[in-house]
Amino acid sequence: MTVQSTGEAPPLPQAQRLFAVLADHRVLVSIAALALLPWLLPSKALAVNVLIYGVVVMGYNLLFGYTGLLSFGHAAFFGTGAYLTGIAIGRWGLPWFAAVPLAIAASTALGAAIGTISTRTRGIYFSMVTLALAQLVYYVALQASSFTGGENGLRGFTVDHINLLGVQVNFLDPLNKYYVLMAFAALAIWVQSRILNSPFGAVIEAIRENEQRARACGYDVERCKLIVFMLSGAISAIGGCMSALHLSIVPLDILHYQTSGMIVMMVLLGGARSFFGPFIGAATFLILEDVVSLWTPHWQIVVGAIFVVFVLFLPKGIWGTLLDVLPWARERR
Amino acid sequence: MSTELLRAEGIGRRFGGFVALEGISVSFAAGELTSIIGPNGAGKSTFFNILSGTLPPSSGTLRFKGRDLNGLPQHRFVHQGISRSYQITNIFPDLSVHENVRVAAQAMVVSYDIWRNRADLVELGDRADAALAAVGLTGKRGELAKYLAHGQQRALEIAIALVSEPELLLLDEPTAGMGPEETKEMVALLERLAERRTVLLVEHKMKMVLGLSQRVLVLHHGRLLADGKPEDIRSNPDVRRVYLGQSEGYG
């Protein structure tokens, strides 16, 4: 195995070194890439959506890609982050900078509740329990309509300007909005990177690789799963907060299991277990949706077919496959 | 020499109506290399799983250094000083060889820290390297564990168990699936390991067990059939009847 790369051109040491530097500064590189996004994509609205879903999927990737737990209920955290932000601003009159931490805290608590129940199960049962509990959250939001707006969604909490250190920023301007929301994304990216680099990040990877052995090594696997479930929910909730601030409305659909399915599709398209893959996956999905829905209302058929091709032939997704194929990026994530 | 490390009293285990183990009482002294042998289905693995906390016993008590281990969850066993390897290679396939051992070492120190950089825990990396050196895998440290040869994966398996510095090392058929050359290397490794710690071994290869161990336990139909020095075991008529006679071929 020491001669793994026989027959291939030797990797370019310079490119390899450059890539290693970029990988070591993945937080800054990711933020820089996202800063360019509004100028690369056809519309600012699309760029904002990539940003939001990118954060949601990144949080999900912590659970699915790095810990190996396939949750089918992550919309619950996306939605709770959004709803709580909207409710705190619109109903309780809190400023956005208080509403967002509150929403994240509430989503983390929800993660503790759902995680406590679901991490007792494994495999398909875990997926089904998360799905069922997320649907429970959906129906609560549907029924508690005096609080959440029910089917009509939550309205009436428009944030039109944001006070940044004394400077009033017009939040209705798409570009201003993008860069303010990008600050949230940057925070999420930084936290995610810290977690992955931490000792705990090593534990969740060990659990993904071999749960039984991780336990024999002395890790409390169940507790670790619960913690990562909460962290994952918290990071995805940041995306929910961003969505609420962006849209000034929380549609009930944000909690629907279709949203959970979309999150799973995005992470698989982009590449589970890769740091930047979630953003690539979100961008790919949303661009496909944008482009294909121009010529057919049945865009889901096309996107679904592409998704099947990915699952069958590119299980590491776009970004993961790219990192595998490029000689100077191999063995890095 | 004869400080008692682990004592099992009346250990029994049932699976539904099937009695896998019954009334096993045995005590292990610190510093000894003991082997557990017995025909297939004798209850060796079950006994081993109970000693390592993988399975709770249906009856009986387990004491390690005087402490009652009953009800202790499996992940706490290694923190008490009992570490095990598995018969079927049980490693972290998609992690590097070094990370396989490093993450095992980390379990003794820190689990839930989500903020520090793991690369700053330099001492853990060094301990992992020391464990890899002990099993002769230093040259492979950067490779993914899944790409190692079978014998090397067995050695990695032991390095993972070893890095927690256990007082009692439980090894479940460390030479399973190995050829003669690899087996020889493994035996040499086991001899080195046993110099410094208490080792308990489940093995199939008879000659190897008798040559290596200071003490041999023979299980048969879930009961302790014999317990003694290798030479006593070899001449024990009961053992010859149930095990040695029929397993000459195992070599």
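Residues numbered from 1 in each chain as written. Chains lettered and ligands numbered in written order. Predicted model: local features only at pLDDT ≥ 70, side-chain atom pairs only at ≥ 80, totals over all residues.

### Examining the overall build of chain B
Item 1. Of the regular secondary structure elements, chain B holds nine helices and ten strands.
Item 2. In terms of C-alpha radius of gyration, chain B reaches 18 Å, essentially the compact-globule figure of 18 Å for 251 residues.
Item 3. When burial is assessed residue by residue, chain B has 44% of its 251 residues classed as buried.
Item 4. The long-range share in chain B, meaning contacts at least 24 apart out of those at least 6 apart in sequence, stands at 68%. (Helix = DSSP H or I, 4+ residues; strand = E, 2+ residues; numbered from the N terminus. Rg over C-alpha atoms; globule rule 2.2 N^0.38 Å. Buried ≥ 20, exposed ≤ 12 C-beta atoms within 10 Å, placed from the backbone. Contact = placed C-beta atoms within 7 Å.)

### Digging into the sheet that holds strand β10 (residues 223-228) of chain B
All names here are of chain B.
Item 1. Across the sheet, six strands lie side by side as β6-β7-β8-β3-β9-β10; this open sheet has mixed pairing. The sheet is open, and its two edges are formed by β6 (82-84) and β10, each paired on a single side. Direction aside, neighbouring strands of the sheet carry axes that sit 20 degrees apart on average.
Item 2. Pairing of strand β9 (residues 215-220) with β10 involves five bridges; the strand directions are antiparallel. Counted as the bridge partner of L217 is D227 from β10. (Pairing = 2+ DSSP bridges. Axes fitted to C-alpha atoms, helices over the stretch in contact; angles between N-to-C directions.)

### Remarks on the sheet that holds strand β1 (residues 4-15) of chain B
Residue and element names in this part refer to chain B.
Item 1. With respect to topology, four strands assemble into an open sheet ordered β2-β1-β4-β5, the strand pairing being antiparallel. In the strand order of this sheet, the two ends are held by β2 (18-29) and β5 (67-68), each with one partner.
Item 2. By the bridge criterion, two bridges tie strand β4 (residues 59-64) to β5 in an arrangement that is antiparallel. When the sheet's bridge partners are listed, F64 is paired in β5 with R67.

### Brief notes about the interface of chain B and chain A
Item 1. Facing 30 residues of chain B, the contacting portion of chain A comprises 26 residues.
Item 2. Those elements that provide at least two residues to the side of chain B that touches chain A are α2 (74-80) and α3 (97-106) of chain B.
Item 3. When residues in the side of chain B that touches chain A are grouped by element, the largest group, four residues, is from α2(B).

### So, the confidence of the model for chain A
When pLDDT is low, close inspection of the predicted coordinates is not appropriate.
Item 1. Here chain A shows a mean pLDDT of 91. Residues at 70 or above account for 95%.
Item 2. Contacts for the low-pLDDT stretch residues 1-8 of chain A, under 50 throughout, to residues beyond four places or in other chains number three contacts. (pLDDT = per-residue confidence, 0-100.)

### Observations concerning the packing of helix α3 (residues 44-64) of chain A against helix α11 (residues 221-247) of chain A
Residue and element names in this part refer to chain A.
Item 1. Packing of α3 against α11 leaves a shortest axis separation of 7 Å and a crossing angle of 170 degrees. It follows that α3 is roughly antiparallel to α11 by the angle criterion. Only V228, F229, L231, S232, I235, S236, I238, G239, M242, S243 and H246 of α11 make contact with α3, whose side of the interface consists of V48, L51, I52, Y53, V55, V56, M58, G59, Y60, L62 and L63.
Item 2. Counted by class, the contact of α3 with α11 contains 16 nonpolar, six polar and no charged residues. (Parallel < 35°, antiparallel > 145°, perpendicular 65-115°, else oblique. Nonpolar A, V, L, I, M, F, W, Y, C, P; charged D, E, K, R; others polar.)

### Overview of the confidence of the model for chain B
Residue and element names in this part refer to chain B.
Item 1. Confidence in the prediction for chain B averages 90 pLDDT; 96% of positions are at 70 or higher.
Item 2. Here helix α9 (residues 237-244) stands out as the least confident element of chain B, with mean pLDDT 78; α3 is the most confident, with 97.
Item 3. In this model, residues 247-251 is a region of pLDDT below 50 whose contacts with residues beyond four sequence positions or in other chains number six contacts.
Item 4. Predicted complex metrics record ipTM = 0.91 and pTM = 0.91.

### Remarks on the packing of helix α5 (residues 96-118) of chain A against α11(A)
Residue and element names in this part refer to chain A.
Item 1. The interhelical angle for the contact between α5 and α11, taken along N-to-C directions, is 145 degrees, at an axis separation of 8 Å. Taken as a pair, α5 and α11 cross one another with a handedness that is right-handed. Contact residues: α5 offers W96, V100, A103, I104, S107, T108, L110, G111, A112, G115 and T116, while α11 offers L226, F229, M230, G233, A234, A237, I238, G240, C241 and L245.
Item 2. Residue composition of the contact of α5 with α11, grouped by class: 14 nonpolar, seven polar and no charged. (Left-handed = near helix turned anticlockwise from the far one by under 90°.)

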